[in-house]
Amino acid sequence: MTQKVGVIGAGQMGHGVAHVSAGHGYEVTLVDIDQDALDQALELVRTGLERQAVKHGEDPASVDAAMARITTSTNYSSLADCDLVIESATENEELKRKIFVELAEHLKPEAWIGTNTSSISITRLATASDRPEKFIGLHFMNPVPAMKLVEVIRGLQTSEDTYTQCCEFAEILGKTVASAEDFPAFIVNRILLPMINEAVYTLYEGVGSVTGIDTSLKLGANHPLGPLELADFIGLDTCLAIMQVLYNDLSDSKYRPCPLLVKYVEAGWLGRKTGRGFYDYSTDTPVPTR
C-alpha cells in the first residue's frame, strides 16, 4: 500500500502530481535539481489548493495541512523511504533513462517507479531501471488537479501487482483510469497530437489563419480550446517531442512533424510558458503571431 510518494521534476506536471497526492493525504517528496523551481512549485501548489478550498467550501486549515505533507529536495537520496516514485521530467528519453539509472541506488527494493511520459515506450524506459517488474506508466493529464484521467500503461515486464497497486493509487486521487497498451503516445496523445500537428499544417499551408483555425474547431467541433491554443498550453516543445516519437517509432509519414512547428520550437516560441507561441501572451488578450 502506497503511503509516501516521491515526485521527480517540479515543472507543470510534477507540481500537479504533488498537489493532488498531498491533497489526498499522501506524504510527498518533490525533487528537482533547481531549488528555485522547487520554491516556485510550492507557491503554485498552495495557490491551487487555496483555489480548490474556496470552490468546494473547505476549511482553509486543510491547505496548510496538505502543504505540511510536502517536502522538497535536490537529492534523490531523499526518496529512500518512498513507496512510489513518479518521474515527471522533460519528455526526453535520454534524460529519463539517466534518472532511472541514478535512482537505483536510492530506492528501497519494494518501491514502485511510475513515469509520467506522454509518449515514450514504457518497456524501453524500464530497461534503464533496476526493477522493470515494478515499473509502470502513469500518464496524468494537464493540468493535473483539474483533469480526471490517468492513463496506466504496463510495460512488457510490469507485474500484475504493480499494475493493481498503481491503479488503486490513481483512483484514490479521484482519477479515472484508462488502461493503454505500450504503443507510442498511448491513447490520448496518439489521437490528440496528430490533430494538433494537422492544425499546424493547415496554418503552414495557408488554409486558415490562427484565429480561423481555432474558431472553426471551437464552434464547428465544440472543442473548448482551439488546437493551436491547446498546443500553446501544452508547450510546443512537448508537442514536437511527441510527434517525433510517433514518427520515429511507427515509421509512418502521416506523423511527420510540421516544419512550422519545428521552426517555432527552434525560435524558442514554446507557447504560454515562454510568453509566445502561436499567440503572443504579453498583453491581457493573446494576439496571434501569424
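- The name recorded for the chain in an unreviewed UniProt entry is 3-hydroxybutyryl-CoA dehydrogenase, from Hwanghaeella grinnelliae.
- Annotation of the chain in UniProt includes, under Sequence similarities (unreviewed entry), the sentence "Belongs to the 3-hydroxyacyl-CoA dehydrogenase family."

## Some remarks on the overall build of the chain
Okay, step 1: A count of helical and extended segments in the chain gives 11 helices and 10 strands.
Okay, step 2: Taken against the 2.2 N^0.38 rule, which gives 19 Å for 290 residues, the C-alpha radius of gyration of the chain at 19 Å falls within 12% of a compact globule.
Okay, step 3: A principal-axis box enclosing the C-alpha atoms of the chain has dimensions of 55 × 45 × 30 Å.
Okay, step 4: Per-residue burial for the chain yields a buried fraction of 48% across its 290 residues.
Okay, step 5: A separation of at least 24 residues holds for 65% of the contacts in the chain among residues at least 6 apart in sequence.
Okay, step 6: Looking at the chain as shown, the accessible area adds up to about 13400 Å², and 53% of this sits on carbon and sulfur atoms.
Okay, step 7: With 24 positive and 39 negative side-chain charges, the chain shows a separation of 4 Å between the mean positions of the two kinds.

## A look at the UniProt feature "binding site: NAD(+)" (unreviewed entry) in the chain
Okay, step 1: The feature "binding site: NAD(+)" (unreviewed entry), as annotated in UniProt, sits at G9, A10, G11, Q12, M13, G14, D32, E91, K96, S118, N142 and K273 in this numbering.
Okay, step 2: On the basis of relative accessible area, Q12 is assigned to the partly exposed category, the value being 42%.
Okay, step 3: If near-sequence neighbours (up to four positions away) are discounted, Q12 is found in contact with N142 and F233.
Okay, step 4: Along the polypeptide, G14 turns up in helix α1 (residues 12–23).

## Comments concerning the packing of helix α8 (residues 210–220) against helix α9 (residues 227–234)
Geometrically, a packed helix pair is captured by the angle between its two axes and the distance between the axes.
Okay, step 1: The geometry of α8 relative to α9 is characterised by a closest axis approach of 7 Å and an angle of 100° between their N-to-C directions. With respect to α9, the element α8 is oriented roughly perpendicular. Between α8 and α9, the contacting residues are V210, I213, D214, L217 and K218 on the first element and P227, L228 and E229 on the second.
Okay, step 2: Across the contact of α8 with α9, the residue classes tally to 5 nonpolar, no polar and 3 charged.

## Brief notes about the UniProt feature "domain: 3-hydroxyacyl-CoA dehydrogenase C-terminal" (unreviewed entry) in the chain
Okay, step 1: Mapped onto the present numbering, the UniProt feature "domain: 3-hydroxyacyl-CoA dehydrogenase C-terminal" (unreviewed entry) falls on residues 186–281.
Okay, step 2: Along residues 186–281 the backbone is 61% helical and 2% strand, and the end-to-end C-alpha distance reaches 31 Å.

## Overview of the sheet that holds strand β7 (residues 149–154)
Okay, step 1: One open sheet holds the 8 strands; their spatial order is β3-β2-β1-β4-β5-β6-β7-β8, and the pairing between them is mixed. On the outer flanks of this sheet lie β3 (70–73) and β8 (176–180), each paired with one strand and no other. On average, adjacent strands in this sheet sit at an angle of 25° to one another, irrespective of strand direction.
Okay, step 2: Both strand β4 (residues 84–87) and strand β5 (residues 112–115) contribute to a ladder of 4 bridges, which runs parallel. Within β5, the residue paired with V85 across the bridge is I113.
Okay, step 3: Strands in contact with helix α2 (residues 35–56) are β2 (27–31) and β3; relative to β3, the strand with the most contacts, it is inclined by about 165°.

## Re the nonpolar core
Okay, step 1: Membership of the largest hydrophobic core comes to 36 residues, with the highest contact counts inside it found for I86, L138, F140 and F169.
Okay, step 2: With near-sequence residues (within four places) excluded, F169 lies in contact with T2, V5, S21, Y26, L84, I86 and F140.
Okay, step 3: Within the second largest apolar cluster, 27 residues are counted, among which are L228, A231, I234 and I242.

## Some points on the pattern of salt bridges
Okay, step 1: Applying the stated criterion across every chain yields a total of 15 salt bridges.
Okay, step 2: K108 is the salt-bridge partner of D83, the closest N and O atoms lying 2.8 Å from each other. In this pair, D83 sits in the loop between β3 and β4 while K108 sits in the loop between α4 (93–103) and β5, placing the two residues 25 residues apart along the sequence.
Okay, step 3: Assessed through its relative accessible area of 13%, D83 is described here as buried.

## Focus on a negative patch on the surface
Okay, step 1: A cluster of acidic residues, D34, D36, D39 and E43, forms a negative patch on the protein surface.
Okay, step 2: Along the polypeptide, D39 turns up in helix α2.

## So, unusual backbone geometry
Okay, step 1: Here the bond from N142 into P143 is cis, since omega is 0°, no more than 30 degrees from zero.
Okay, step 2: Counting through the fold element by element, P143 comes out in the loop between β6 (135–140) and β7.
Okay, step 3: Phi is positive for A185, which is not a glycine, with a value near 70°.
Okay, step 4: Of note, A185 is situated in the loop between β8 and α7 (188–204).
Okay, step 5: Given a relative accessible area of 0%, A185 falls into the buried group.
Okay, step 6: Phi angles above zero are rare outside glycine, and F186 is one such case at about 60°.

Parameters at a glance
Residues numbered from 1 in each chain as written. Predicted model: local features only at pLDDT ≥ 70, side-chain atom pairs only at ≥ 80, totals over all residues. Heavy atoms only, no water. UniProt positions renumbered as here; feature names shortened; annotations may be inferred. Helix = DSSP H or I, 4+ residues; strand = E, 2+ residues; numbered from the N terminus. Rg over C-alpha atoms; globule rule 2.2 N^0.38 Å. Buried < 20%, exposed > 50% of the residue type's maximum accessible area, 1.4 Å probe, protein only. Contact = heavy atoms within 4.5 Å. Areas by Shrake-Rupley, 256 points an atom, 1.4 Å probe, with all protein chains shown as cover. Lys, Arg positive; Asp, Glu negative; His and termini not counted. Charge placed at Lys NZ, Arg CZ, Asp CG, Glu CD. Axes fitted to C-alpha atoms, helices over the stretch in contact; angles between N-to-C directions. Parallel < 35°, antiparallel > 145°, perpendicular 65-115°, else oblique. Nonpolar A, V, L, I, M, F, W, Y, C, P; charged D, E, K, R; others polar. Pairing = 2+ DSSP bridges. Core = buried A, V, L, I, M, F, W, Y, C linked by side-chain atoms within 4.5 Å. Salt bridge = Lys/Arg side-chain N within 4 Å of Asp/Glu carboxyl O. Patch = residues over 30% accessible without salt bridge, like charges linked within 9 Å, V, L, I, M, F, W, Y side chains within 5 Å.

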